[in-house]
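# An overview of the molecular structure
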Amino acid sequence: MDSQVDIVKRYFYVDVAKRAVVNTSAKEPCVCGCYQYYSQRCGCLYKSVHLKCGKTKSSNGNVILCREGRRRKIRVESAVVPFRCPLHRNGYAPPITQQKEPHEHIKHEDDTHEDDTHEEEEHDVDVDDADTH
């Protein structure tokens, strides 16, 4: 493994704030977007974390993703997760040795149990709040 790649097991909401990438092509540059962490073991998407810059608010005052950030997906290449994705872990995906490319994650109705204590729920992170966690 590349020595520049970090292993991230938990606290994704703190980690994503450290890895924020400014979207300079946006009308108003910001860090908003969906940051995607991939599994080191199977290569599949493990977790997505929405990072919000805090500039845009909904009509009821909640912080939301900026317009440009809603479509933006950032693959976090400087970090990997040392666990298999939920589909591989639960046996819904083909064995890793037979799979040619990482599968698209599809939520199965019977996929309701969690057997990995390191997994967290998807988080929406405000840049201003990330340092307080």
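Residues numbered from 1 in each chain as written. Predicted model: local features only at pLDDT ≥ 70, side-chain atom pairs only at ≥ 80, totals over all residues. Heavy atoms only, no water.

## Points about the pattern of salt bridges
Which entries qualify depends on this criterion: For this document, the term salt bridge refers to a Lys or Arg side-chain nitrogen within 4 Å of an Asp or Glu carboxyl oxygen. Only protein chains enter the calculation, and the probe is 1.4 Å; a residue is then buried if its accessible area is under 20% of its type maximum, exposed if over 50%, and partly exposed in between.
Throughout the structure, instances matching the rule amount to three salt bridges. The salt bridge partner of Arg19 is Asp15, with a shortest N-O separation of 2.5 Å. The class of Arg19 is buried, set by a relative accessible area of 17%. Asp15 sits in the buried class, given a relative accessible area of 8%. Where salt bridges share partners, they join Asp6, Asp15 and Arg19 into one cluster.

## Observations concerning unusual backbone geometry
Short version of the rule: Going along the chain from the N terminus, every DSSP run of H or I of four or more residues is numbered as a helix, and every run of E of two or more is numbered as a strand.
Even without being glycine, Tyr11 reaches a positive phi, approximately 60°. Note that Tyr11 resides in the loop between β1 (6-7) and α1 (12-18). Judged by relative accessible area, Tyr11 falls into the partly exposed class, the value being 47%.

## Looking at the confidence of the model for the protein
Detailed reading of predicted coordinates is not advised where the pLDDT is low. Convention followed: Confidence scores here are pLDDT values: one per residue, from the predictor, ranging 0 to 100. Residues count as neighbours in contact if any of their non-hydrogen atoms are within 4.5 Å of one another.
Looking at the protein, the pLDDT average stands at 77 and 68% of residues meet or exceed 70. Segment residues 105-121 is flagged for pLDDT under 50; beyond a separation of four residues in sequence, or across chains, it makes 31 contacts in the model.

## Here we look at the pairing of strand β6 (residues 73-81)
Regular strands place side chains that alternate from one sheet face to the opposite one. The condition that has to hold: Paired strands, as defined in this entry, are two strands with at least two bridges between them according to DSSP.
By the bridge criterion, two bridges tie β1 to β6 in an arrangement that is parallel. The residue of β6 that forms the bridge with Asp6 is Ala79. Here five bridges tie strand β2 (residues 33-39) to β6, and the two strands are oriented parallel to one another. Each residue of the ladder has a partner; that of Cys34, found in β6, is Lys73.

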